[in-house]
Amino acid sequence: MCWCFAIVNNKLAEIFFDEKKNSQMKIWGHCYVEREDYKTKTEQKYIEKDISKVRVVYRNKKYKIVKPKISHN
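Just so it is clear, the model here is predicted, and its values are computed rather than measured.

Any details on the pairing of strand S4 (residues 55-59)? Residues and values, ideally.
Pairing geometry for strand S1 (residues 2-8) and S4, over two bridges, is parallel. Considered in S4, the bridge of Ile7 is made with Arg55. Pairing of S4 with strand S5 (residues 62-66), which is carried by five bridges, proceeds in the antiparallel orientation. When the sheet's bridge partners are listed, Tyr58 is paired in S5 with Tyr63. Hairpin connection of S4 to S5: two residues between the antiparallel strands, including Asn60 at a positive phi of 55°.

Before we move on, could you go through the packing of aromatic side chains and cite the residues and values that matter?
For the coordinates displayed, the defined rule picks out three aromatic pairs. Arranged with centres 5.2 Å apart and planes meeting at 80°, the rings of Trp3 and Phe5 form a pair that is edge-to-face. A relative accessible area of 45% means that Trp3 is categorised as partly exposed. Given the relative accessible area of 3%, Phe5 is considered buried. Centroid distance Phe5 to Tyr38: 5.1 Å. Interplanar angle 85°. Geometry classified as edge-to-face. Separated by 33 residues along the polypeptide, Phe5 in strand S1 and Tyr38 in the loop between strand S3 (25-32) and helix H1 (41-51) bring together distant segments of the chain. The rings of Trp3, Phe5 and Tyr38 are connected pair by pair, giving a single aromatic cluster. Here the guanidinium or amino end of Lys11 rests over the ring plane of Tyr32, the centre of that ring lying 5.0 Å away. Directly above the aromatic system of Trp28 lies the positively charged group of Lys26, at a separation of 5.2 Å from the ring centroid.

Rules behind the numbers
- Along each chain, the written sequence defines residue order, and numbers are assigned to residues from 1.
- Only residues with pLDDT of at least 70 get local features here, since the model is predicted, and only at 80 or more are side-chain atom pairs given and counted; chain-wide, interface and lining totals rely on the full set of residues.
- Values shown for side chains rest on all heavy atoms present in the structure; no hydrogens or waters enter the calculation.
- Should DSSP find at least two bridges between two strands, the strands are taken to pair.
- Only runs of H or I of at least four residues qualify as helices and only runs of E of at least two qualify as strands under DSSP, and these elements are numbered from the N terminus.
- Stacked, tilted and edge-to-face are the three classes assigned to paired rings of Phe, Tyr and Trp, where Trp is represented by its six-membered ring and a pair needs centres within 6.5 Å; plane angles under 30 degrees give stacked, over 60 edge-to-face, the rest tilted.
- Using a 1.4 Å probe on the protein chains alone, a residue whose accessible area is under 20% of its type maximum counts as buried, one over 50% counts as exposed, and one in between counts as partly exposed.
- Each ring is checked for a lysine NZ or an arginine CZ that lies within 6 Å of its centre and within 35 degrees of its normal; such an atom marks a charge sitting over the ring.

Pasting the structure below:
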């Protein structure tokens with residue numbers, strides 16, 4: 001089982017998943033976290049890297065992976 005940071009229902013969370021052979025994710029669960037709990041620069045980099053790739057909607061006990069929003073700065 002693996003985990004990473006993600007945006008779940010517009011909140012920062014850790015998601016727990018298994019990767020299948022075709023690089024699909026089978027999400028097992030999530031827990032909401034506060035960014036302030038991760039104080040080091042390395043942890044902050046991991047958060048930024050992960051949330052830029054993974055956005056998830058959790059509704060009716062099902063997970064749906066959606067494309068992340070792209071910001072044009």
